[in-house]
Structures are given as structure tokens and as C-alpha cells.
Amino acid sequence: MTPYNKILVAVDLTDECGKIVERAKQIAAASDASLHLVHVVEPISFAYGGDIPLDIASIQEQILEQAKLHLNKFSSEFEINKDYQHVLVGRPAIEMRTLAEEEDANLIVVGSHGRHGLALLLGSTANGILHGAPCDVLAVRV
């Protein structure tokens, strides 16, 4: 098996993400791979159905800037270079798969809550990334 050379880690910037990044760092160290942290911000219009009567562009931009600041702070705890930090806007599963293709990544690491039953059938971000990913996907149970 060829070792990984570029690893993307999906982070939602919660406390649970540390465990996911630590696991990804172990794999990156063993493979001498670059490690990229990725945070995806969903557009406000997704949450409100797109029919918002006011201009939300400035609000969305503020949310994006705050996400960049939080990711930078989070990344510094794990010594991740700013060039390897990505804040994207869109649906997390779609954006992760697209970035993996664009960056020619060969592993995506994502957290999983290990849901069962109806929650599993309805899907999750980890499940969405897995189906259609252009590379291996590792789900770290949190």
C-alpha cells in the first residue's frame, strides 16, 4: 500500500475535533504526509430556505471571517501552517469531496458520532463524505 501524501481533516471547531486531528497527525507522521484542516461554513440561505428579504452578504462575510480566525487559533494548537488551513462555504460533504479532488488528497479524516437506526439512515456529514469521495476516508469515532 502506498503511504498517504496529503491528508484533509474535516473540523467543525468543537472540542471533539482535537481527537480527530491527533489521529490524523499520527497517520501524517507515519506517512510523511501534509496535513490540511478544513472547516466548511454553510450559507445562511441554506438554513432559512433562501427566501430572506434582507441582504445577508455582509453577515455571511462576518461569519466567514470569524470562522477563519477560529480555525487559525485551533490550527496553532496543532502547529498547522496557515497555508494548510481551508475555510469553505457550502455543504460540508460536497465541499470536502471537491477539495479532495482539487488538492489531489488521498485521505479524508472526519469525525463520526457512530449513530444508529434512523439517524444513520438519514445520513451525516461523515456518511456524505464517504459516498462519492475520490480517496480513502477515515471516520474517527468521537
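Residues numbered from 1 in each chain as written. Predicted model: local features only at pLDDT ≥ 70, side-chain atom pairs only at ≥ 80, totals over all residues. Heavy atoms only, no water.

Visitor: Sorry if this is basic, but what is going on with the packing of aromatic side chains here?
Guide: Counted by the stated rule, this structure contains one aromatic pair. A centroid spacing of 5.1 Å and a plane angle of 50° characterise the contact between Phe74 and Phe78, whose relative ring orientation is tilted. Phe74 sits in the buried class, given a relative accessible area of 10%. (Phe/Tyr/Trp six-rings, centres within 6.5 Å; stacked < 30°, edge-to-face > 60°. Buried < 20%, exposed > 50% of the residue type's maximum accessible area, 1.4 Å probe, protein only.)

Visitor: Explanation requested: unusual backbone geometry in the structure shown.
Guide: Residues other than glycine predominantly adopt negative phi, and peptide bonds predominantly adopt the trans conformation. Located in the positive-phi region is Glu79, a residue other than glycine, with phi close to 55°. Relative to the helices and strands, Glu79 is located in the loop between α3 (57–77) and β3 (85–89). What makes Glu79 exposed here is its relative accessible area of 72%. If you check the backbone angles, Asp104 has positive phi at about 55° while not being a glycine. Assignment of secondary structure puts Asp104 in the loop between α4 (92–103) and β4 (107–112). (Helix = DSSP H or I, 4+ residues; strand = E, 2+ residues; numbered from the N terminus.)

Visitor: Even after reading the chapter, I still don't get the pattern of salt bridges, so can you show me in this structure?
Guide: Enumeration according to the criterion identifies three salt bridges in this entry. Between Lys6 and Glu103 there is a salt bridge, with its nearest N and O atoms 3.0 Å apart. Pair noted here: Lys6 is in strand β1 (residues 6–10) and Glu103 is in helix α4, with a separation of 97 residues, a long-range link. Taking the relative accessible area as the measure of exposure, Lys6 reaches 18% and is therefore buried. Here Glu42 ties to Arg91 by a salt bridge, and the two come within 3.2 Å at their closest N and O atoms. Placement of Glu42 in the loop between β2 (34–41) and α2 (44–47) and of Arg91 in the loop between β3 and α4 is noted, with a sequence separation of 49 residues between them. (Salt bridge = Lys/Arg side-chain N within 4 Å of Asp/Glu carboxyl O.)

Visitor: So what exactly am I meant to see when it comes to the nonpolar core here?
Guide: What tends to happen in soluble globular proteins is that the nonpolar side chains get buried as a cluster. Among the nonpolar cores identified, the biggest contains 24 residues, and Ile7, Val9, Val11, Leu37 and Val109 are the most heavily contacted of them. Secondary-structure elements contributing two or more residues to this core are β1, α1 (17–31), β2, α3 and β4. Among the elements that make up this core, the one with the highest residue count is α1 (six residues). Residue contacts for Val11: discarding those within four places in its chain leaves Cys17, Val21, Leu37, Val38, His39, Leu71 and Phe74. Of all hydrophobic cores here, the second largest spans 15 residues; its members include Leu8, Leu88, Ile108 and Cys135. (Core = buried A, V, L, I, M, F, W, Y, C linked by side-chain atoms within 4.5 Å. Contact = heavy atoms within 4.5 Å.)

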